[in-house]
Every structure is written in C-alpha cells, then in structure tokens.
Amino acid sequence: RSLVVVHFWAPWAPQCAQMNEVMAALAKEHMQVTFVKLEAEAVPEVSEKYGISSVPTFLFFKNSQKVDRLDGAHAPELTKKVQRHTSSSSVSAGSNDSAKEDLNVRLKKLINAAPCMLFMKGSPKEPRCGFSKQMVEILNKHGISFSSFDIFSDEEVRQGLKTYSNWPTYPQLYVAGELIGGLDIVKELEASGELDTVCPKAQKLEDRLKILINKAPVMLFMKGSKQMAKCGFSKQIIEIINSTGVDYETFDILEDEEVRQGLKTYSNWPTYPQLYVKGELVGGLDIVKELKESGELLPILKGEN
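On a predicted model such as this, the values are computed, not experimentally measured, just so you know.

Remarks on the pattern of salt bridges
Opposite charge on two side chains makes pairing possible when the charged atoms of those side chains draw close.
(1) Moving on: For the coordinates displayed, the defined rule picks out 14 salt bridges.
(2) Moving on: Lys81 is the salt-bridge partner of Asp68, the closest N and O atoms lying 3.1 Å from each other. Of this pair, Asp68 sits in strand β4 (residues 65–71) while Lys81 sits in helix α3 (residues 75–87), placing them 13 residues apart in sequence. Taken as a pair, Asp68 and Lys81 share a single burial class, namely buried.
(3) Moving on: Ionic contacts of the salt-bridge type, sharing partners, join the residues Asp68, Lys81, Arg84, Arg106, Asp154 and Glu156 into one network.

What to know about the domain arrangement of the chain
(1) Moving on: Split into domains, the chain comes out as domain 1 (3–87), domain 2 (103–198) and domain 3 (207–302).
(2) Moving on: Across the boundary between the two partners, domain 1 contributes eight residues, which contact eight residues of domain 3.
(3) Moving on: Around 650 Å² of area is buried between domain 1 and domain 3 when both sides are counted, 64% of it from carbon and sulfur atoms.
(4) Moving on: It is Trp12, Gln15 and Ser53 in domain 1 that bury the most area against domain 3; as a group they hold 63% of the surface buried on that side.
(5) Moving on: At the boundary of domain 1 and domain 3, one finds zero salt bridges.
(6) Moving on: In this structure, the connection of domain 1 to domain 3 is made through one residue pair in polar contact (both at pLDDT 80 or more).

Re the sheet that holds strand β2 (residues 34–39)
(1) Moving on: Strands sit in the order β2-β1-β3-β4 across an open sheet of four strands; the sheet is mixed. Whereas interior strands pair on both sides, the edge strands pair on one side only; in this sheet they are β2 and β4. Taking the axes of each pair of neighbouring strands and ignoring which way they run, one obtains an average angle of 20 degrees across the sheet.
(2) Moving on: In this structure, strand β1 (residues 3–9) lies alongside strand β3 (residues 57–62), joined through six bridges in antiparallel fashion. Directly across from Leu3, in β3, lies its bridge partner Lys62.
(3) Moving on: Contacts from α3 reach β1, β2, β3 and β4 within the one sheet, and its direction differs from that of β4 by about 160 degrees.

Observations regarding the layout of surface pockets
(1) Moving on: Space inside the second largest pocket adds up to approximately 270 Å³.
(2) Moving on: Every residue lining the second largest pocket is counted, 15 residues in all, and those nearest its centre are Glu41, Ile52, Ser53, Ser54 and Lys230.
(3) Moving on: Of the residues in the lining of the second largest pocket, the class split is eight nonpolar, three polar and four charged.
(4) Moving on: Two domains share the lining of the second largest pocket, each providing at least three of its residues, namely domain 1 (3–87) and domain 3 (207–302).

Some points on helix α1 (residues 14–29)
(1) Moving on: Along its 16 residues, α1 runs 24 Å from first to last C-alpha, staying within 8% of the 22 Å computed at 1.5 Å per residue.
(2) Moving on: Where α1 is buried, its residues meet β1, β2, β3 and α3.

Comments concerning the sheet that holds strand β11 (residues 274–277)
(1) Moving on: An order of β10-β9-β11-β12 is seen for the four strands of this open sheet, with the pairing classed as mixed. The open sheet has two edge strands, β10 (249–252) and β12 (280–283), and neither has a second partner. Taken pair by pair, the neighbouring strands of this sheet meet at an average axis angle of 30 degrees, ignoring direction.
(2) Moving on: Note that β11 and β12 share three bridges and pair antiparallel. Considered in β12, the bridge of Tyr276 is made with Leu281.
(3) Moving on: The strands touched by helix α9 (residues 205–213) are β9 (218–222), β10 and β11; relative to β9, the strand with the most contacts, the crossing angle is about 120 degrees.
(4) Moving on: The strands that helix α10 (residues 232–244) touches are β9 and β11; relative to β9, the one it contacts most, it runs at about 160 degrees.

A word on the nonpolar core
(1) Moving on: Formed by 19 residues in total, the largest nonpolar core has its most connected members in Val218, Leu220, Ile241, Leu275 and Leu301.
(2) Moving on: For this core, the elements supplying multiple residues, two or more each, are β9, α10, β11, α12 (285–294) and α13 (297–301).
(3) Moving on: Element by element, the count of residues in this core is highest for α10, at four residues.
(4) Moving on: If near-sequence neighbours (up to four positions away) are discounted, Val218 is found in contact with Val246, Asp247, Tyr248, Glu249, Leu275, Tyr276, Val277 and Leu301.
(5) Moving on: Val136, Ile138, Leu139 and Leu173 belong to the second largest nonpolar core, which has 16 residues in total.

Cut-offs and rules
- Residues numbered from 1 in each chain as written.
- Predicted model: local features only at pLDDT ≥ 70, side-chain atom pairs only at ≥ 80, totals over all residues.
- Heavy atoms only, no water.
- Salt bridge = Lys/Arg side-chain N within 4 Å of Asp/Glu carboxyl O.
- Helix = DSSP H or I, 4+ residues; strand = E, 2+ residues; numbered from the N terminus.
- Buried < 20%, exposed > 50% of the residue type's maximum accessible area, 1.4 Å probe, protein only.
- Domains from an automatic or database assignment.
- Contact = heavy atoms within 4.5 Å.
- Buried area = accessible area lost by both parts, 1.4 Å probe.
- Polar contact = N/O pair within 3.5 Å; in protein donor to acceptor, adjacent residues only side chain to side chain.
- Pairing = 2+ DSSP bridges.
- Axes fitted to C-alpha atoms, helices over the stretch in contact; angles between N-to-C directions.
- 1 Å grid on protein atoms, 1.4 Å probe; cavity = no way out; pocket = protein on both sides within 12 Å on 5 of 7 lines; lining within 4 Å.
- Points joined across faces, edges and corners; volume = space filled by probe spheres on them.
- Nonpolar A, V, L, I, M, F, W, Y, C, P; charged D, E, K, R; others polar.
- Expected span 1.5 Å × (residues − 1).
- Core = buried A, V, L, I, M, F, W, Y, C linked by side-chain atoms within 4.5 Å.

Have a look at this one:
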C-alpha cells in the first residue's frame, strides 16, 4: 500500500547524481516510502514501456499502479510530490481542505499552460477513446494550435477537473483558461463556422522551424540544454562547442515533439543532436568531431567558412 518512487537514471548524467542525493535525503525523512534506482539504458524494455525518453525521470507507484510522474531534475517538485502522495494515504479532515486548495491551484496552472489546452484520454498521437480521437481530428483539420494533457496519467487531475469545471466527461477543451466544452460543443462550433475564430491557429511548422534555426547564429538542437544534457551524444557535442569559446543557443527537442519529428524531415537528418550555423545545417556529433580534428570547426562556427 505504501508509495514506491522509481528513479530512471544514467551514470553519465551529473543531474542524476544530484537527484540521487535528494532521494537519499527524502528516504531518511519518509521511512514508509520505497525509493528505487533503475539505470534507464540497462533496462530498455522497461524504459520503453513507461515512455522514458530522458533522464532523470521519476515514476510514482501505489498498489502496483502508476499514479504520477516527474521528468527532469526538479528537487522541489520531487519533494512536493513525495509529500503529497504520502499524505494522501492518510489525510485528516483539516489537511483535506488544503489538499483541495493545492489541487485547484494545480488545475488552474494546467488549464492555462497553453492558449488552447485539451484534456483527453491518451495523447494526440495515440488517443485512447473515440471521443478524444474525434476531437483531435477536428482541431488538426482546422490547423488549431493546442497542447494536451492525458487524464489517464493523473487520477487526481482526472477527478478534480470534473468538479473544478463542473463538466463530468472528457475530452474537455479550454481556450485562454476558459472551458469551451466537450466534443458535441466543438462539433457545433465547427458546423457554425465559429471554431476558427474561437481557437488560436497553429503557425505553419516549416515557418516555425525556419525561425528556430535562425534564432541565433549558432543553434544546437539537442536532448536537454547546455546546462543539463539528457543524452551522451548531446553531452559530447556541448563539450566540443564549449571548448571553442563561441556563443551558441540550444533548443531542447524533448520539450516539443512537433519540432523533434519535423526537423528530421525538414533537414533530411534523422538523428540528434543537430548543429546549425546561420540557418544552415552543419551536421551531428560525428561531423562536428571531424571538423574539430581538421581545425575547421572554429572558422565554421564564426561564420568564416
């Protein structure tokens, strides 16, 4: 019945070592919680099953059921989640009110996380009910830019949002923090021609990629950031670029699935990291290594070559 927290980590990532220290401190404080470390790359089938695409990632289990998830090295958020899930096992009437208040704050943040937010079963790529699938198809057909939240991933949100919005079913669509409604209402808005005026339009992906590639003279698309790489290849390329002393910007492709997939096609380059100078693709880690060895990397980064 107690809480189990599983840390998917990698020995090459310093942020994982930091989070292991945080976990050790939490273990002393919460004796009833079981903390487990799993090396993500050593158990690929488990990592794949739970969608672990970066480290550190934490999964929370109760009664053998996954109840929550945390991606990234966020010590305060990990502490909060551990406290929340341990206290939810034995809440007193008084703390129940504050828990309800905390949930409402969280729901408000989620609803306002993007100009257009869809709470659905599954994800836009893999809807897990017919109504959610139809909703995604309508929004995509109209080129509407939206973010989504999988209510199956968080039972607290799933139940809480029904009360918060006084709307008993899913999917639920919100624009600018206001509830629009479910599938039937969105179908009515589509039929009347109002949907296009209510929901924000998506920027064309190709235009967006061009803007991102040209955001800085040297742009690196990678897993993680220059402060915290989330894969070995990204870590190596950052070390090489840092050694040149040239200024550069990074984009974390794990934060945006549309960019992650779209850039592969746009540049005809299937892997990450990808390095661009003045809007032109230089290549990935192997090419950057070759350029460094030949002495060509610095002139290229400075735009001299």
